[in-house]
Amino acid sequence: GNSVTQMEGPVTLSEEAFLTINCTYTATGYPSLFWYVQYPGEGLQLLLKATKADDKGSNKGFEATYRKETTSFHLEKGSVQVSDSAVYFCALNAGNNRKLIWGLGTSLAVNP
Amino acid sequence: DGGITQSPKYLFRKEGQNVTLSCEQNLNHDAMYWYRQDPGQGLRLIYYSQIVNDFQKGDIAEGYSVSREKKESFPLTVTSAQKNPTAFYLCASHKRGEWSMSTDTQYFGPGTRLTVL
């Protein structure tokens, strides 16, 4: 079946450090891939997405490239800020019923 | 501004009581979803509805019920049959149609935190 695996957190970084949050997936066909972000006490917001192999999604300095050969969609940011502290969720959609398959989330804490 | 509203933000329930969580959207989206979020478990799908007057069980529907009488509204009732209802509940919506760059994003409300006393 379809599944998403994210690296476990929490991840703790200093401001301006480089961030990578790993996400790998298992899916039939050609899924769309997403990163959502959840700030403390809030709902989820779409951060970026990619809908076909080799696409790169980007937003707010974050990037992720859809790698079909490694079934990965790793999230990266070159220089994190304290305001990036949040929980990040990787998700995929591979079916016709519009249901998203979610990773467990990775908590990021950025210290000044 | 278009968006999804959930109310209340915090809800306290005594054991044995049913409670209803509100979710309203003015995005003209066809599909709506209810998720439950527990620490360390990510999001789990409770119910979803693709169109008015139709809904399907998600992965953890036991102890919950929903209705979809209007396109804009998808209330969730947490019944006394739900053994461990304390959690953060998120409502989301999605525009039905062909999957494309413009339509394959789920939009989320701010959530309701339910605590059983």
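Before any of the text, the structure's been laid out above.
Throughout what follows, the structure given in this document is the object of discussion. (Residues numbered from 1 in each chain as written. Chains lettered and ligands numbered in written order. Predicted model: local features only at pLDDT ≥ 70, side-chain atom pairs only at ≥ 80, totals over all residues. Heavy atoms only, no water.)

### A closer look at the pattern of salt bridges
Line of reasoning, step 1. Under the definition given, this model contains six salt bridges over all chains.
Line of reasoning, step 2. Ionic pairing is found between K77(A) and D84(A), a salt bridge with its closest N-O pair at 2.7 Å.
Line of reasoning, step 3. Between D30(B) and K71(B) there is a salt bridge; the shortest N-O distance is 3.5 Å. Taken as a pair, D30(B) in the loop between strand 3 (19-25) and strand 4 (31-37) and K71(B) in the loop between strand 7 (64-66) and strand 8 (76-78) lie far apart in primary sequence, 41 residues in all.
Line of reasoning, step 4. In the salt-bridge network here, residues are joined through shared partners; they are R36(B), D38(B) and R44(B). (Salt bridge = Lys/Arg side-chain N within 4 Å of Asp/Glu carboxyl O. Helix = DSSP H or I, 4+ residues; strand = E, 2+ residues; numbered from the N terminus.)

### Concerning the side chain of T105(B)
Line of reasoning, step 1. Mapped onto the elements of the fold, T105(B) is located in the loop between strand 9 (87-94) and strand 10 (107-108).
Line of reasoning, step 2. A polar atom in the side chain of T105(B) sits 2.9 Å from the side chain of K49(A).
Line of reasoning, step 3. Those residues in contact with T105(B) that sit more than four places away from it in its chain are Y36(A), L46(A), K49(A), S93(B) and H94(B). (Polar contact = N/O pair within 3.5 Å; in protein donor to acceptor, adjacent residues only side chain to side chain. Contact = heavy atoms within 4.5 Å.)

### Details of the nonpolar core
Line of reasoning, step 1. L19(A), W35(A), L47(A), L48(A), F73(A), L75(A) and Y88(A) are the most contacted members of the largest nonpolar core, which totals 26 residues.
Line of reasoning, step 2. Within the residue set of this core, elements represented by two or more residues are strand 2 (11-14), strand 3 (19-21), strand 4 (23-26), strand 5 (32-38), strand 6 (44-50), strand 8 (62-65), strand 10 (86-93) and strand 12 (106-111) of chain A.
Line of reasoning, step 3. Residues in contact with L75(A), not counting those within four places in the same chain, are L19(A), T20(A), I21(A), W35(A), L47(A), L48(A), F62(A), E63(A), A64(A) and Y88(A).
Line of reasoning, step 4. Counting residues in hydrophobic clusters, the runner-up holds 19 residues, among them I46(B), A61(B), V66(B) and A87(B). (Core = buried A, V, L, I, M, F, W, Y, C linked by side-chain atoms within 4.5 Å. Buried < 20%, exposed > 50% of the residue type's maximum accessible area, 1.4 Å probe, protein only.)

### Describing the sheet that holds strand 8 of chain B
Residues and elements named next belong to chain B.
Line of reasoning, step 1. Across the sheet, four strands lie side by side as 1-3-8-7; this open sheet has antiparallel pairing. For this open sheet the edge positions go to strand 1 (4-7) and strand 7, each flanked by a neighbour on one side alone. Strand-to-strand twist of the sheet, defined as the mean angle between neighbouring strand axes without regard to direction, takes the value 20°. (Pairing = 2+ DSSP bridges. Axes fitted to C-alpha atoms, helices over the stretch in contact; angles between N-to-C directions.)

### Some details on the packing of aromatic side chains
Line of reasoning, step 1. Within the structure shown, the criterion is met by 13 aromatic pairs over all chains.
Line of reasoning, step 2. When the ring of Y25(A) is compared with that of Y66(A), the centres are 6.1 Å apart and the planes differ by 85°; the resulting orientation is edge-to-face. Linking Y25(A) in strand 4 with Y66(A) in the loop between strand 8 and strand 9 (75-77), this pair joins segments that are 41 residues apart in sequence. Neither residue differs from the other here; Y25(A) and Y66(A) are each classed as buried.
Line of reasoning, step 3. Joined through ring pairs, the aromatic side chains of F34(A), Y36(A), F89(A), W102(A), Y33(B), Y35(B), Y48(B) and F108(B) make up one cluster.
Line of reasoning, step 4. Taking NZ or CZ as reference, R68(B) lies 5.9 Å from the ring centre of F74(B), over its face. (Phe/Tyr/Trp six-rings, centres within 6.5 Å; stacked < 30°, edge-to-face > 60°. Lys NZ or Arg CZ within 6 Å of the ring centre and 35° of its normal.)

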